[in-house]
Amino acid sequence: MRVALLTEGARPHPDRGAGAWCDRLAEGLPEHDFELYLLTGPAGLGSAARLSPAWQGAHDLALWGRRPRGRAPGTLRRRQYARAYEELVRALVLPGERAGFGAGLYRLAALAREDEGTLPAFLGSAHARRVLERTWRLPGADTSAGQPLVRDVLVAADLLEQCLRPLSAPWYGTGPGGLGGADLCHVVGGGPAALPALVARHLHGVPFVVTEHGLHLREQYLGFPPRADGGAGAESEERQARDECRSDDRRHRVRAPGGERASHEAPYRWPVRALLLSFFRALTEETYRQAAILTPGSAHDQQWQRRCGADPARTRVVYEGTPAVDRPAAGPEPERPTLVWAGALEPGRDTELVLHAFARVRAELPAARLVVHGQETAPGYLAHCAAVAERLGVAVAVDFAGRPGSLAEAWQSGTVVVFSALSQRSPRLLADAMLSGRAVVSTDVGVAREVVGPTGLLVPARDPRALAGACLALLRDEERRSRLGLAGRLRAQERFAVEPVIGAFREIYLELVSQYPAFPGGGGVGEGNRAPRPFARPAEYWLADGARGRDDRDSRDGRDDREASAGPADRADPADPEPGGGGAGAPDGGGAGAPDGGRGQLAVVPAAAEERPEPAGPAGPSVLAEAV
């Protein structure tokens, strides 16, 4: 089948050692044809030589930076754009009209498809700004974040134009490179990357899967956007996990779709942030409502998705696989009992808790030492931690080692690994520490209990006494340390291996295409084209290669396409007992297995088709017999 993978990032294929998540998925499922659709920066996709051979093609769209050139719409078309845009904005600012977000979104997409290049020009025009200002200041509009000023309208209009830019992407046709000819779409990361999948679902009925390794909406609310130098799954896990040690100080900042400072890190006023958060919340709810299957990276993320309206019946946890499972365990422990801590030096990681707990540990074990790996992300926080260590009298035994060369080196330098964060949203860093074979002590927050389980010690957050007690228990018991370290490594290898991830998505893909019928010619119910025809090819057709080979199959596909497009009076095949109907054994029947429009699927037999009596007449030859 043809899979369109949509994600966001500025550098999807950097020089990497372990490989990217998206690359490993495409390489692990060679039976499918993967095409990459990337929302990127002004630099574009870059050299195609950097693509993995697993990709059948790559397409990019500049999501941020200079607005693409395009002609302004005419007077009549501008009014249609204005009505659709107003409906979308009303859904963002008026609590009673939230349900209109999807209608406005799809109407803008339809207009953009009819008039290529006019949507960005309209959204960047003075007319769109006037629509936004008028709607934003309507009676009853949610202005709890403050009344919008003129500068807020100008900034918000620019940001909404960037967010909605994927609606004007040239990807929605049914020909080569078009999403309308894909069997399914796979959205990695959520957010604006889901917009093309929503449009393809609306226009052509193409189902889509959403994979989030860290929820896009949650990151917006926390002011911690995905990095602009690589979207979710678009760079090596080694770098992603290493960046857990950096984080950033973007609290109270809302992410615009892009990586330039002007739109990515600017501290917008509260009205702008509230409007943008409302957009991402509405987009997330629409994405979760339309997605065929959601695959969060942890059960912790699954709970967040349910709070955002996700259907539990369509949600399945698929852990983020990492090739680090093949990395050898850390070598011998250091001679002195050593606690190692890794993370961003910021208040949310609560480095102070480790310092206070270490003071208690050192009172019991004077030879103990603490190694802190991480980069300062909150200005002045490193000096603050150094002052705390000095005040506690443990400064001589604390080593602020900075950012590690690799995570394996960081874990190697310690006897016990300690995590003290107030919120643990991603399992990557915890899993990497467990793969080292070192015993782990963590605060019981976020994904910690789910990842560590019974193979480590969990303590309450902000409790230095409990953290010190857990560290002392492991530092004094070598046999227990070794046992928990080995158990943690085996648990991480089982949960975060690459093979189970590949197998999970192989099953998900096959399950989805078995439930969605084919659309001959790529058309769908969204465009008013012909209704889907279940079972255009029986299952045996796709399983029996025979001596005829793919070339003969392709030639017969072309003949069948011509016959399918002919009317009932044009058919003279006596083996077709009912024109356009086709049973499971008829080679020319309609259905989900048809190669028409680039689709090859199976579908559930409609009840009407099951109850229809078998017509009289000679039966058609068996396709399996032909292949044999």
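Located above this text is the structure these notes cover.
Residues numbered from 1 in each chain as written. Predicted model: local features only at pLDDT ≥ 70, side-chain atom pairs only at ≥ 80, totals over all residues. Heavy atoms only, no water.

## Some thoughts on helix H5 (residues 126–136)
Inclusion rule: Burial classes: relative accessible area under 20% of the type maximum marks a residue as buried, over 50% as exposed, and values in between as partly exposed (1.4 Å probe, protein chains only). Numbered from the N terminus, helices here are DSSP runs of H or I no shorter than four residues, and strands are runs of E no shorter than two. Our arc is simply the arc of the directions from the helix axis toward the C-beta atoms.
Along H5, the positions that sit buried rather than exposed are Ala128, Val131, Leu132, Thr135 and Trp136. Taken around the axis of H5, the buried residues stretch over an arc of 120 degrees, which confines them to a single face.

## What to know about the packing of helix H2 (residues 75–93) against helix H3 (residues 101–114)
Under the convention used in this document: Here an axis means a line fitted to C-alpha atoms, over the contact stretch when the element is a helix, while the angle between two N-to-C directions is reported on a 0 to 180 degree scale. Our angle categories are set so that under 35 degrees counts as roughly parallel, over 145 as roughly antiparallel, 65 to 115 as roughly perpendicular, and the remainder as oblique. Crossing handedness is read from the near helix: turned anticlockwise from the far helix by less than a right angle, it gives a left-handed crossing, and turned clockwise, a right-handed one. The contact definition used throughout considers only heavy atoms, calling two residues in contact when any of these lie within 4.5 Å. Residues are grouped as follows: Ala, Val, Leu, Ile, Met, Phe, Trp, Tyr, Cys and Pro are nonpolar; Asp, Glu, Lys and Arg are charged; all remaining types, including Gly, are polar.
Two elements in contact, H2 and H3, have axes whose closest approach is 8 Å; the angle formed by their N-to-C orientations is 155 degrees. Judged by the angle between their axes, H2 and H3 are roughly antiparallel. Where H2 crosses over H3, the two elements pack in a sense that is left-handed. Together, Arg77, Gln80, Tyr81, Ala84, Tyr85, Glu87, Leu88, Ala91 and Leu92 of H2 and Phe101, Ala103, Gly104, Leu105, Arg107, Leu108, Leu111, Ala112 and Glu114 of H3 make up the contact between the two elements. The residue makeup of the contact of H2 with H3, split by class, is 12 nonpolar, two polar and four charged.

## Here's the deal with unusual backbone geometry
Notably, Asp350 is not glycine yet its phi reads approximately 50 degrees, a positive angle. Turning to its location among the elements, Asp350 is positioned in the loop between strand S7 (338–342) and helix H13 (351–364). By relative accessible area, Asp350 is classed as buried at 11%. Despite not being glycine, Arg462 has its phi angle at roughly 60 degrees, a positive value. Tracing the backbone through its elements, the reader meets Arg462 in the loop between strand S12 (457–459) and helix H18 (464–475).

## What about the sheet that holds S7?
To keep things clear, this is the line we draw: Any two strands between which DSSP finds at least two bridges are classified as paired.
Strand order in the open sheet formed by six strands is S9-S8-S7-S10-S11-S12, and the pairing between neighbours is parallel. Either end of the sheet is taken by a strand with one partner, and the two such strands are strand S9 (398–402) and S12. Strand-to-strand twist in this sheet, taken as the mean axis angle between neighbours without regard to direction, amounts to 20 degrees. Where helix H19 (residues 478–495) meets the sheet, it contacts strand S10 (416–419), strand S11 (439–443) and S12, and its direction lies at approximately 80 degrees from that of S11.

## Examining the sheet that holds strand S1 (residues 2–8)
Spatially, S3-S2-S1-S4-S5-S6 is the arrangement adopted by the six strands of the open sheet, whose pairing is parallel. Lying at the two open borders of the sheet, with one neighbouring strand each, are strand S3 (55–62) and strand S6 (293–296). Neighbour-to-neighbour, the strand axes of this sheet turn through a mean angle of 20 degrees, independent of strand direction. By the bridge criterion, four bridges tie strand S4 (residues 184–188) to strand S5 (residues 208–212) in an arrangement that is parallel. Along S5, the bridge assignment pairs Val187 with Val210. The sheet strands contacting helix H1 (residues 21–28) are S1, strand S2 (33–40), S3, S4 and S5, and the helix crosses S4 at an angle near 150 degrees.

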